[in-house]
Amino acid sequence: MEFIDYYKILELNKNAIDSDIKKAYRKMARKYHPDLNPNDTVSKIKFQQINEANEVLSDPEKRKKYDQYGKDWKNAQEANQYQKERTSQQTWKNARGSGQGFTDNFSEHDFSDFFESMFGGHSGGRRDSQVKYRGQDANAQLHLDLKDVYTTHKQTLIVNNKNIRLTIPAGVEHGQTIRIPGHGGEGVNGGPNGDLYITFSITNSTRFKREGNNLYTDTELDLYTAILGGEITIDTFDGKVKMMVRPETQNGAKVKLKGKGFPVYKKEGEFGDLIITWQIKIPTHISEKEKDLFKELSRVVAYGK
Amino acid sequence: MENEQLIPIEQFCEYYQVEFAFIHSLSEFGLVEIASIEEKEYLHHEQIKDIEKLIRLHYDLEINLEGIDVISHLLQKVESMRIELNDLKNKLRFYES
């Protein structure tokens, strides 16, 4: 467990007075506060560090102990054990209006091991015990394959050791985030639970490429059907379909099959399109008779005979 | 709006220990919507999460109402850009694959 330099975190020197500490803390808190840096895990970690540094340096007793032991923090563990046996219940100021800290984003689980080894568990709390607080929001990532999100389905997730049964709507996109109200952290003193935010990470193991609600694929077409036209059966995402090929279809030509693409998110029964690019297959291992016929065909094309 | 989804402003202010005038000021800035029913004022429960954020900005970060108004607008822009960025990344994945 490493020593944490709280002065460095708040960009202060060791002689900083209380007003300097408060000023530095406020400045950095405004910069890294999660409300001002949504979806930013780096800022979130930094904000927790800033809060912890302020917790220590703005409390005269804690600061004295920290300054005394500093890098020799291991001795503080023994002193802490002695202190626990003598300590009476502490009272904490209400955070709002006292300038001592923030009312949210801070629970006993946010302290580092270093802090807890020096000061013990966070007994009591800076919150008024009668005030109810909303629980923290939780974030989770769900890894799925493209096949999984083709249909709406239910899935059980384990978040914070709790089973949550979710309905995953068809058509969710890679990187999309959905909010599940009330499934975040528990509220404090009977306050409402926070929300759970799930971000989808979708891999593609299929031969289809997805762009929004449309799917794209290359499909082989034999030379004869390409030239003469005809009926062909092709693979779609969820089955097969028969379609007509126009005569003289060129290599690389594209065909759109309306409604055979990917489901549109939250619009049941609505689908994007499937765009097929024909890859004309030149025959191989042709027989002598086929060769003769091709030679005759080439003469007809060259000389009109 | 259904009544069970409406929270009386007085109850909300007591619960969160904020001033009545603060909520009214937010309404004047267009940041929250107050419903008036039979001379009593209410907040819709779907706004609670956003109002909590505004409370933190004002009371914890000491940002004034004008600042909160600007920040709300900028955060909306940031969210739009995040969604747009995600769409563009998905498009790029399509061409890289």
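Worth saying up front: this structure is predicted, and the values here are computed from it rather than measured.

Undergrad: Would you explain the packing of helix 3 (residues 41-57) of chain A against helix 4 (residues 60-69) of chain A in this entry?
TA: Each pair of packed helices gets described by two things: the angle between the helix axes and the distance between those axes. All names here are of chain A. Put simply, helix 3 and helix 4 touch, their axes get as near as 6 Å, and they point 95° apart. Judged by the angle between their axes, helix 3 and helix 4 are roughly perpendicular. Residues Glu55, Val56 and Leu57 of helix 3 pack against Lys62, Arg63 and Tyr66 of helix 4. Here the contact of helix 3 with helix 4 is built from residues that sort into three nonpolar, no polar and three charged.

Undergrad: Help me understand the interface of chain B and chain A in this model?
TA: One frequently used descriptor of interface size is the decrease in accessible area upon assembly of the parts. Contact with chain B, which involves 25 residues of that partner, is made by 37 residues of chain A. Taking both sides of the interface into account, the surface hidden between chain B and chain A amounts to around 2,600 Å²; carbon and sulfur atoms contribute 48%. Contact with chain A buries area across many residues of chain B, yet Asp60, Leu61 and Phe94 of chain B alone supply 25% of it, more than any other trio. The tally of links between chain B and chain A comes to three salt bridges. Here lysine 49 of chain B makes a salt bridge to aspartate 195 of chain A, at a shortest N to O gap of 4.0 Å. Applying the counting criterion to the chain B and chain A interface returns nine residue pairs in polar contact (both at pLDDT 80 or more).

Undergrad: Any chance you could explain the environment of isoleucine 178 of chain A here in plain terms?
TA: All names here are of chain A. Within the secondary structure layout, isoleucine 178 lies in strand 4 (residues 177-180). A C-alpha to C-alpha distance of 5.4 Å links isoleucine 178 and isoleucine 198, two positions 20 residues apart in sequence. Residue contacts for isoleucine 178: discarding those within four places in its chain leaves Leu196, Tyr197, Ile198, Phe200 and Tyr265.

Undergrad: Is there a simple way to explain the sheet that holds strand 1 (residues 6-8) of chain B in this structure?
TA: Hydrogen bonds between backbone groups are what pair the strands of a sheet, and the pairing can be parallel or antiparallel. All names here are of chain B. Ordered by their spatial adjacency, three strands build an open sheet running 1-3-2, and the pairing between neighbours is antiparallel. The outermost strands of the open sheet, each flanked by one partner alone, are strand 1 and strand 2 (34-37). Averaged over all adjacent pairs, the angle separating strand axes in this sheet is 45°, with direction ignored. Summarising the sheet, strand 2 and strand 3 (residues 40-44) pair through four bridges and their orientation is antiparallel.

Undergrad: For this particular structure, what's the right way to read helix 3 of chain A?
TA: Given 3.6 residues per helical turn, the α-helix brings residues three or four places apart onto the same face. All names here are of chain A. If you check helix 3, its first and last C-alpha atoms are 24 Å apart, about what 17 residues at 1.5 Å a residue would give, namely 24 Å. Within helix 3 the residues assigned to the buried category are Ser43, Phe47, Ile50, Asn51, Glu52, Ala53, Asn54, Glu55, Val56 and Leu57. Buried residues belonging to helix 3 abut helix 1 (6-9), helix 2 (18-32), helix 4 and helix 6 (113-119).

Undergrad: Whenever I open this one, the pattern of salt bridges confuses me. Can you help?
TA: It is possible for side chains bearing opposite charge to pair when their charged atoms get close. All names here are of chain A. Tallied over the full model, the rule gives 15 salt bridges over all chains. A salt bridge links aspartate 145 to lysine 147, with the shortest nitrogen-to-oxygen separation between them at 3.5 Å. Here aspartate 145 falls in the buried class, since its relative accessible area comes to 13%. Look at lysine 147 and you get partly exposed, because its relative accessible area is 48%. Lysine 256 is paired through a salt bridge with aspartate 273; the nearest N and O atoms lie 4.0 Å apart. With lysine 256 in strand 10 (residues 254-257) and aspartate 273 in the loop between strand 10 and strand 11 (274-281), this pair connects stretches of sequence that are 17 residues apart. For lysine 256, a relative accessible area of 53% puts it in the exposed group. Exposure remark for aspartate 273: the relative accessible area of 10% places this residue in the buried category. What you see here is one network of salt bridges that share partners, running through Glu55, Asp59 and Lys62.

Undergrad: Any chance you could explain the packing of aromatic side chains here in plain terms?
TA: The geometry of an aromatic ring pair is captured by the separation of the ring centres together with the interplanar angle, meaning the angle of the planes. All names here are of chain A. If you walk through the whole model with that rule in mind, you get 16 aromatic pairs over all chains. Measuring from centroid to centroid gives 6.1 Å for tyrosine 7 and tyrosine 66, while their planes differ by 40°, and the two rings are tilted. One end of the pair, tyrosine 7, is in helix 1; the other, tyrosine 66, is in helix 4, and 59 residues separate them in sequence. When sorted by exposure, tyrosine 7 lands in the same class as tyrosine 66, which is buried.

Undergrad: Just checking my understanding: could you explain the side chain of aspartate 35 of chain A for this structure?
TA: Assignment of secondary structure puts aspartate 35 of chain A in the loop between helix 2 and helix 3. On the accessibility criterion, aspartate 35 of chain A (8% relative accessible area) is buried. Of the polar contacts made by the side chain of aspartate 35 of chain A, one reaches the side chain of arginine 56 of chain B; its length is 2.6 Å.

Undergrad: It is not clear to me how the sheet that holds strand 5 (residues 196-203) of chain A should be interpreted in this structure. Could you clarify?
TA: All names here are of chain A. Taken together, three strands build an open sheet; the order of strands is 1-5-4 and the sheet is mixed. In this open sheet, the two edge strands, each paired with only one partner strand, are strand 1 (138-145) and strand 4. Each adjacent strand pair in this sheet contributes to an overall mean axis angle of 30°, direction not counted.

Calculation rules
- Residues numbered from 1 in each chain as written.
- Chains lettered and ligands numbered in written order.
- Predicted model: local features only at pLDDT ≥ 70, side-chain atom pairs only at ≥ 80, totals over all residues.
- Heavy atoms only, no water.
- Axes fitted to C-alpha atoms, helices over the stretch in contact; angles between N-to-C directions.
- Helix = DSSP H or I, 4+ residues; strand = E, 2+ residues; numbered from the N terminus.
- Parallel < 35°, antiparallel > 145°, perpendicular 65-115°, else oblique.
- Contact = heavy atoms within 4.5 Å.
- Nonpolar A, V, L, I, M, F, W, Y, C, P; charged D, E, K, R; others polar.
- Buried area = accessible area lost by both parts, 1.4 Å probe.
- Salt bridge = Lys/Arg side-chain N within 4 Å of Asp/Glu carboxyl O.
- Polar contact = N/O pair within 3.5 Å; in protein donor to acceptor, adjacent residues only side chain to side chain.
- Pairing = 2+ DSSP bridges.
- Expected span 1.5 Å × (residues − 1).
- Buried < 20%, exposed > 50% of the residue type's maximum accessible area, 1.4 Å probe, protein only.
- Phe/Tyr/Trp six-rings, centres within 6.5 Å; stacked < 30°, edge-to-face > 60°.

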